[in-house]
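Topology and contacts: notes
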Amino acid sequence: MEVESGTVNLVSKEGDSFPVDTEVARMSELVKGMLEDDSGDDDDTTEIPLPNVKAAVLKKVIEFCSHHKSEPMTEIEKPLKSAVMAEVVQKWYADFVNVEQV
């Protein structure tokens, strides 16, 4: 199995490229599978095209995964003890999901 170090470039639907730590990128099962399929290449940086993912969404996913790597989210107890996210998970995660729906 490939060493989980280095960088991979995730490319959005619009063609925007996001350099991401390989360990963070492997949190996505899709990207993890693509990296394993690409493990024979000798390139320093692998480029993973994600033609169905908009740049804005990819940016948020990368932000979430990067934070999760340094501070994993506490497990959410079921049934929920509260409808207020800040009482269920850490503040960062509660703030992250508290976005205006458009």
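Note that the structure is a prediction, hence the values are computed from the model and not measured.

Structural notes on the layout of surface pockets
Roughly 160 Å³ of volume is contained in the second largest pocket. Lining the second largest pocket we find 14 residues, and of these Leu 10, Ser 28, Val 31, Leu 58 and Val 61 sit closest to its centre. Those elements that provide at least two residues to the lining of the second largest pocket are helix 1 (22-25), helix 2 (29-37) and helix 3 (55-70).

Notes on the sheet that holds strand 1 (residues 7-11)
What links the strands of a sheet is backbone hydrogen bonding, and the strands pair in either a parallel or an antiparallel sense. Taking strand neighbours across the sheet as the criterion, the 3 strands line up as 2-1-3 in an open arrangement whose pairing is mixed. Edge strands, defined here as strands with exactly one partner in the open sheet, are strand 2 (17-21) and strand 3 (46-49). Each strand of the sheet is rotated relative to its neighbour by a mean of 30°, with strand direction disregarded. As paired strands, strand 1 and strand 3 are joined by 4 bridges and run parallel to one another.

So, the pairing of strand 2
Going residue by residue along strand 2, you find Phe 18 and Val 20 tucked away on one face and Ser 17, Pro 19 and Asp 21 left uncovered on the opposite face. With 5 bridges connecting them, strand 1 and strand 2 associate as antiparallel partners. Of the residues in strand 2, the one forming a bridge with Val 11 is Ser 17. With antiparallel pairing between neighbouring strands as the criterion, strand 1 and strand 2 make up a hairpin whose turn holds 5 residues, including Gly 15 at a positive phi of roughly 95°.

Notes on the pattern of salt bridges
Going through the model one piece at a time under the given rule, you end up with 5 salt bridges. With its nearest N and O atoms 3.8 Å apart, the salt bridge here joins Glu 23 to Lys 69. In this pair, Glu 23 is assigned in helix 1 and Lys 69 in helix 3, connecting sequence segments 46 residues apart. The residue Glu 36 makes a salt bridge to Arg 26 at a minimum N-O spacing of 3.8 Å. Placement of the pair is Glu 36 in helix 2 and Arg 26 in the loop between helix 1 and helix 2, with a sequence separation of 10 residues. Its relative accessible area of 5% is what places Arg 26 among the buried residues. The network of salt bridges with common partners includes Asp 21, Glu 23 and Lys 69.

Reading the values: rules and limits
- Per-chain numbering applies: the sequence of each chain, read as written, is numbered from 1 onward.
- Thresholds applied to this predicted model are a pLDDT of at least 70 for local features of residues and 80 or more for the giving and counting of side-chain atom pairs; totals over whole chains, interfaces and linings are not thresholded and use all residues.
- Based on all heavy atoms of the structure, the side-chain values leave hydrogens and waters out of the count.
- Buried and open spaces are told apart on a 1 Å grid over the protein atoms alone, a cavity being a set of points where a 1.4 Å probe fits but cannot get out and a pocket being an open set with protein on both sides within 12 Å along at least five of seven lines. Residues with an atom within 4 Å of a point are the lining residues.
- Grid points are joined across faces, edges and corners, and a volume is the space filled by probe spheres set on the points.
- Secondary structure follows DSSP: runs of H or I at least 4 residues long count as helices, runs of E at least 2 residues long count as strands, and numbering of each begins at the N terminus.
- Any two strands are treated as partners once DSSP identifies two or more bridges connecting them.
- Under this scheme, a helix contributes an axis fitted over its contacting stretch, all axes are lines through C-alpha atoms, and angles between N-to-C directions fall in the 0 to 180 degree range.
- The buried label applies to any residue whose accessible area, calculated with a 1.4 Å probe on protein chains only, is under 20% of its type's maximum; exposed applies above 50%, and partly exposed to all values in between.
- Definition used for salt bridges: Asp or Glu carboxyl oxygen within 4 Å of a side-chain nitrogen of Lys or Arg.

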